[in-house]
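Architecture at a glance
Here's the letter readout for the chains.
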Amino acid sequence: MVGPIPAMLRGLIDDAALFPPGNAPMEAAVPAHRGYRQSWYEAMIGPLLVPQSRLADLDPGRGELRIGVIVDEDLEHVAADVAALPTQVTVLHFESRHALEHLAKYATSWGKPVYAELPFGDDALDAVWSTDFTPKFRTGGLAAEFFPAPETLAAAMWGCRRRGLQFKLTAGLHEAVRHRDPVTGFDHHGFVNVLVAAADTADGTDVDGIAATLASTDADDLAARARRILNRPRALWTGYGSCSIGEPLGDLLNLGLLHRGDDT
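An account of the accompanying structure is given in this report.

What counts, and where the lines are drawn
- Within every chain, residues take consecutive numbers counted from 1 along the sequence as written.
- Only residues with pLDDT of 70 or above have their local features reported here, since the model is predicted, and side-chain atom pairs are shown and tallied only from 80 upward, although totals for entire chains, interfaces and linings are computed over all residues.
- As a rule here, side-chain values cover all heavy atoms of the structure and leave hydrogens and water aside.
- Two rings from Phe, Tyr or Trp (for Trp, the six-membered ring) form a pair when their centres are within 6.5 Å of each other. A pair whose planes differ by under 30 degrees is stacked, one over 60 is edge-to-face, and the rest are tilted.
- Axis lines are fitted to C-alpha atoms, over the contacting stretch for helices. Their N-to-C directions set the angle, which ranges from 0 to 180 degrees.
- Here a helix means four or more residues in a row that DSSP labels H or I, a strand means two or more in a row labelled E, and each is numbered from the N terminus.
- For classification purposes, an angle smaller than 35 degrees is called roughly parallel, one larger than 145 roughly antiparallel, one from 65 to 115 roughly perpendicular, and anything else oblique.
- Put simply, a crossing is left-handed when the front helix is turned counterclockwise from the back one by less than a right angle, and right-handed when it is turned clockwise.
- In what follows, a contact means two residues having at least one pair of non-hydrogen atoms within 4.5 Å.
- By convention a nonpolar core is built from buried Ala, Val, Leu, Ile, Met, Phe, Trp, Tyr and Cys residues, the set being connected through side-chain atoms within 4.5 Å.
- Accessible area is worked out with a 1.4 Å probe on protein chains only. A residue is then buried under 20% of its type maximum, exposed over 50%, and partly exposed in between.
- Polar contact is the term for a pair of N or O atoms within 3.5 Å; when the atoms are in protein, one must be able to donate a hydrogen and the other to accept it, and sequence-neighboring residues count only if both atoms are side-chain atoms.

**Some thoughts on the packing of aromatic side chains**
Evaluated as defined, the whole model comprises seven aromatic pairs. An aromatic cluster is built from Tyr-36, Trp-40 and Tyr-41, whose rings are joined through pairwise contacts.

**Observations concerning the packing of helix 6 (residues 191-202) against helix 7 (residues 207-215)**
Where helix 6 contacts helix 7, the two axes come as close as 8 Å, and the packing angle between them is 165°. The pairing of helix 6 with helix 7 is recorded here as roughly antiparallel in orientation. The hand of the helix 6/helix 7 crossing is right-handed. Side by side, helix 6 and helix 7 meet where Asn-193, Val-194, Val-196, Ala-197, Asp-200 and Thr-201 of the first sit next to Ile-210, Thr-213, Leu-214 and Ala-215 of the second.

**Side note on the nonpolar core**
Core analysis: the biggest nonpolar cluster contains 78 residues, and Met-44, Ile-67, Val-192 and Trp-237 have the highest contact counts within it. The dominant element in this core, judged by the number of residues it contributes, is helix 6, at eight residues. When sequence neighbours within four positions are dropped, the list of residues in contact with Val-192 reads Ala-176, Leu-222, Ala-226, Leu-252, Leu-255 and Leu-257.

**Quick notes on the side chain of Ser-39**
Mapped onto the secondary structure, Ser-39 falls in the loop between helix 1 (26-37) and strand 2 (45-51). Of the polar contacts made by the side chain of Ser-39, one reaches the backbone oxygen of Tyr-36; its length is 2.6 Å.

**Examining the environment of Ser-130**
Mapped onto the fold, Ser-130 is located in the loop between helix 4 (122-129) and strand 6 (134-138). Between the C-alpha atoms of Ser-130 and Pro-25, which are 105 residues apart in sequence, the distance is 38 Å. Of note is the side chain of Ser-130, whose polar atom sits 3.2 Å from the backbone oxygen of Ala-127.

Written as structure tokens, this is what we have:
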């Protein structure tokens, strides 16, 4: 089903229901993902993200199930683990935190795009630039140090643009606008902040301007800026993984960036 999803939001959110803090059981995550794929907003949803260590437990049910594999075990076993999957499972991409030099020995044979999770900084971007991998950065987690400052993320985004690289993000982006979690006290990036900042980065905005957008908590201003670019495809940011689909969907509806039933 093709939903009324603007170009800027298509394929924005990979389904990371199996990962913290959601930690959905496999038997719940798979049917829930199939439900998203039958919804009016299905064009916004990417593949179900599945750890390599749990591929053997994956029961896809009937019909095709598209997944992204999070490589959390030995690289040399990935090809065999994927080959053992049921025929209705289609792997769209891989994601890995392994060191680039080790990843390069195996990933070229996997035949799918690879997102390499990197530390922030120019050295890591210089290293990945000579590979076929797409950088992936962590923007949240279970401790404060996993939440980069706006200036840090802005520098990474600008560094990707300068090198002709796209990037993916993971964790912490459940809500549209930057905010402080009242329970943990962590400052979370907003995914609409990132949408606007990434578009500005692609257009040549400098690091200070990118950081200011990432730091903004003005929902009305961010929504207005996002509306002006909704029909543009994302040129720089490939998207992000979220253990929640309902939270970002609700925020987009509340901000007027998504309208169920519209012919956007």
